[in-house]
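If you want the building blocks of each chain, they are given just below.
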Amino acid sequence: MTKRIRSIYWALVTLILLTWQSSLLLASPPMRLESLPPVAPKEDAEKLKQAYALLEQGLSAELAYRLAYEVYQKHGIVRAAWFPSWLYRQAKKPLPDPNDRLAVIGSVVEGGHGLPLSMLRRGATSIGLLFRASCALGNYEEIVKWGEMLIQAGNDSYSIIKTVESARLALVQGIKQYPHRRNLSKQIWRPLPLKFREEDYFILVPLDQACKILGLSCTITTNPKMAGGKGIRIVKPDVPNIVYRLFLGRPLVERLENGKGQTETLAYAPYEEGGVVWVPFYWLAKQAGIKGWEVRNGKIYVAPK
Amino acid sequence: MLEKVKDMFVMNFGAGYYDPINDRWVEAVIPNDAIESQDGFPGQGMPLLWLLNANEGSGYPFRVVNFLWGYAHRRDVYAAIVVPGNVDDVYDKAYGVTYGPIWGNPTAPIIEIDLENIDEGLGSPCNDCNQPANRGTCWLCFGRQQPFQHCGHCQTFLYCCDCDNDHPNDEQQCGECGYNIHNLSQHQVLTWVVGHELGHTVLWHQPDRGHHSGATTYDCLIWEYGDWRVNPPTEFCVQNPGCQTRWKLNP
């Protein structure tokens, strides 16, 4: 009986997914896009992935812009989506194609992988990245150019509209560039004695070592009751009433202030491998009050606090 | 079109839950009370949503909303599915997307909520500018279209810089402005976004998938934008009672 129900269930799921594919229309704030942009070829998708990582980590917006622009020049508006590399190493069964949104959501709905695949899946479009890079660069003309293109393509979300309006206003007043942007002097940046790995263009560091070096108080305890089997807590010594909880395999942070929690997001989910908990450096650096950092000659260099 | 007066169920795949297979707790990403709270959807225009924690319960994943269908207690209900996700490869910076109608379509009405984009709106890297008074100044300055140089430290709406003016030319003091000038809680914003998306599932057949525009629909959950106002809407649509009836539960 159970077997019969199971086969009917899977037939229905297949039917639903097939019908879905043919009638895909996305709505919401914004909802005018009737079809998805094409998927970027593999090599160009990699460039979009790198540009995304640069922007999310607060690294070179110039390089991010260049990479996304190369893709835009070749293919126009294209999209790319991906899962983190560690997920492929740790998955017990084949993962869906990250570009196939419906298969990914279907996997979550079916509870297949025990991890929030729809959140681990990351994606971007060529013009979305160009817009973000322009914002990071403070270039109002570019913000208007790419923002208008996004809006025209159906991305009329409130934040994009307001950002473009603001940039237009600046241009009307004769301001082309955000005035306070300047190059930080990197001569005085110092290297950190911290090993790291680069994955998916994110700089990842071992949590316990990084906390010692950055002056954060971190505890990693074995706790089978927590997602990933580890309880991870991070406290800034000067703000002891705020506790951050990380979760293995989930791109989330729970920020507890005086016991009251708020969920925040991470651009890259922490994961454990070989007994080491790897965490994106950009997030730890932010918690440690580091304003600027980069990787140079195989080392992480940080700006003085 | 016949008026739809139905129960509405919401299956929340972002809810926290106990995973009995691995014997562990998994934190909520979309807290249940963002969907069912009395603070969230108390209005007459909203249905009393029946919330299902999609991650819990026996028989997973073989749970269906029309339970006992064909045997007994058959109820004609609709169910929407809420899933946390990432939508930037389709709608950059959008807070959520809806994939289809709640009726008249064999597909599941899935709603994907992008917490990272919501977080960006809530977020505020510049601590000084995060003070409501300072951020309010930026906003008013922008809204009134005054020249930026008259706005003190807020050079543009995009960035707030050094609101205490200690380091007037120091980029390190700058941060991107968020939008949450009235300090809405994450719960309020999530409730608003989920409610808005649920509206699309019901009004999918209408122009612009049911978005309402114009001054009279400003206080409606399905108003076309989310603008971080003091009191976010909790009503489906005050000015369009015809729409409300589509949501009424057991009138």
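Being a predicted model, the structure only gives us computed values, none of them experimental.

A few points about the overall build of chain B
- From N to C terminus, chain B includes five helices and nine strands.
- For chain B, the sequential pattern of α-helices and β-strands runs β-β-β-α-β-β-β-β-α-α-β-β-α-α.
- The buried share among the 251 residues of chain B stands at 51%.
- Taking contacts inside chain B between residues at least 6 apart in sequence as the whole, the part at least 24 apart equals 60%.

Description of helix H2 (residues 115–122) of chain B
- Burial runs high along H2(B): seven of the eight residues are buried.
- Residues of H2(B) that are buried: B:Leu115, B:Glu116, B:Asn117, B:Ile118, B:Asp119, B:Gly121 and B:Leu122.

Things to note about the domain arrangement of chain A
Residue and element names in this part refer to chain A.
- Splitting chain A by domain gives domain 1 (25–83 + 121–172) and domain 2 (186–302).
- Each partner contributes to the interface: domain 1 provides eight residues, whereas domain 2 provides seven residues.
- When its residues are assigned to classes, the side of domain 1 that touches domain 2 shows three nonpolar, three polar and two charged.

Some words on the sheet that holds strand E12 (residues 276–280) of chain A
Residue and element names in this part refer to chain A.
- With antiparallel pairing, the four strands of this open sheet are ordered in space as E4-E5-E12-E11. Each edge of the open sheet is held by one strand with a lone partner, namely strand E4 (197–199) and strand E11 (271–273). Within this sheet the neighbouring strands show an average axis-to-axis angle of 40 degrees, counted without direction.
- The sheet contacts of helix H10 (residues 207–214) involve strand E5 (202–206) and E12, and relative to E5 the element is tilted by about 90 degrees.

A word on the sheet that holds strand E7 (residues 230–236) of chain A
Residue and element names in this part refer to chain A.
- Taken in spatial order, the five strands make up an open sheet running E6-E7-E8-E9-E10, and their pairing is antiparallel. Single-partner strands in this sheet number two, and they are strand E6 (217–222) and strand E10 (260–265). Going across the sheet, the axis of each strand differs from the next one's by a mean of 25 degrees, ignoring polarity.
- Relative to strand E9 (residues 252–257), strand E8 (residues 239–246) is paired through five bridges, and the arrangement is antiparallel. From the neighbouring strand, Ile242 faces E9, where its bridge partner is Glu257.
- Most of the contacts of H10 go to E6, to which it runs at about 160 degrees, and overall it touches E6 and E7.

Quick look at helix H5 (residues 101–110) of chain A
- Of the positions making up H5(A), those classed as buried are A:Arg101, A:Val104, A:Ile105, A:Gly106 and A:Val108.
- One or two positions beyond H5(A), positive phi appears at A:Gly111, with a value near 70 degrees.

Quick look at unusual backbone geometry
- A positive phi angle, close to 70 degrees, is found at A:Tyr201, a residue other than glycine.
- Examined against the element boundaries, A:Tyr201 turns out to sit in the loop between E4 and E5.
- Since 16 C-beta atoms lie within 10 Å of it, A:Tyr201 is described here as partly exposed.
- Backbone geometry places B:Lys93, a non-glycine residue, at a positive phi of 70 degrees.
- Structurally, B:Lys93 is set in the loop between strand E5 (77–85) and strand E6 (96–98).
- The class of B:Lys93 is buried, set by 24 C-beta atoms lying within 10 Å.

As for the nonpolar core
- A:Ala68 and B:Val82 are the most contacted members of the largest nonpolar core, which has 123 residues in total.
- Among all residues touching A:Ala68, those that are not within four sequence positions of it are A:Leu48, A:Ala51, A:Ser126, A:Leu129, A:Leu130 and A:Ala133.

As for the confidence of the model for chain B
All names here are of chain B.
- The predicted model of chain B averages 62 in pLDDT, with 43% of residues at 70 or higher.
- Segment residues 57–75 is flagged for pLDDT under 50; beyond a separation of four residues in sequence, or across chains, it makes 16 contacts in the model.
- Across residues 124–175, where pLDDT falls below 50, the model places 96 contacts with residues more than four positions away in sequence or in other chains.

Here we look at the packing of helix H3 (residues 61–75) of chain A against helix H7 (residues 126–137) of chain A
Residue and element names in this part refer to chain A.
- Look at H3 against H7: their axes get within 9 Å of each other, and the N-to-C directions meet at 150 degrees. Here H7 runs roughly antiparallel to H3, going by the angle between their axes. Along this stretch, H3 crosses H7, giving a crossing that reads as left-handed. Between H3 and H7, the contacting residues are Ala61, Glu62, Ala64, Tyr65, Ala68, Tyr69, Val71, Tyr72 and His75 on the first element and Ser126, Ile127, Leu129, Leu130, Ala133, Ser134, Ala136 and Leu137 on the second.
- Of the residues that constitute the contact of H3 with H7, the class distribution is 13 nonpolar, three polar and one charged.

Notes on the environment of A:Leu192
All names here are of chain A.
- Here Leu192 lies in the loop between strand E3 (190–191) and E4.
- Assessed through the 20 C-beta atoms surrounding it within 10 Å, Leu192 is described here as buried.
- Counting along the chain gives 151 residues from Leu192 to Pro41, while the straight-line C-alpha distance between them is 37 Å.
- In this view, Leu192 contacts Ile213, Lys299, Ile300 and Val302; residues no more than four positions away in its chain are not counted.

A short note on the packing of helix H2 (residues 42–56) of chain A against H3(A)
Residues and elements named next belong to chain A.
- Contact pair H2 / H3: the axes reach a minimum separation of 8 Å and the direction vectors enclose 155 degrees. Taken together, the axes of H2 and H3 are roughly antiparallel relative to one another. For H2 against H3, the interelement crossing comes out left-handed. Contacts between H2 and H3 involve Asp44, Lys47, Leu48, Gln50, Ala51, Leu54 and Leu55 from the first element and Ala61, Leu63, Ala64, Leu67, Ala68, Glu70, Val71, Lys74 and His75 from the second.
- A per-class count over the contact of H2 with H3 returns 10 nonpolar, two polar and four charged.

Cut-offs applied
- Residues numbered from 1 in each chain as written.
- Chains lettered and ligands numbered in written order.
- Predicted model: local features only at pLDDT ≥ 70, side-chain atom pairs only at ≥ 80, totals over all residues.
- Helix = DSSP H or I, 4+ residues; strand = E, 2+ residues; numbered from the N terminus.
- Buried ≥ 20, exposed ≤ 12 C-beta atoms within 10 Å, placed from the backbone.
- Contact = placed C-beta atoms within 7 Å.
- Domains from an automatic or database assignment.
- Nonpolar A, V, L, I, M, F, W, Y, C, P; charged D, E, K, R; others polar.
- Pairing = 2+ DSSP bridges.
- Axes fitted to C-alpha atoms, helices over the stretch in contact; angles between N-to-C directions.
- Core = buried A, V, L, I, M, F, W, Y, C linked by C-beta atoms within 7 Å.
- pLDDT = per-residue confidence, 0-100.
- Parallel < 35°, antiparallel > 145°, perpendicular 65-115°, else oblique.
- Left-handed = near helix turned anticlockwise from the far one by under 90°.

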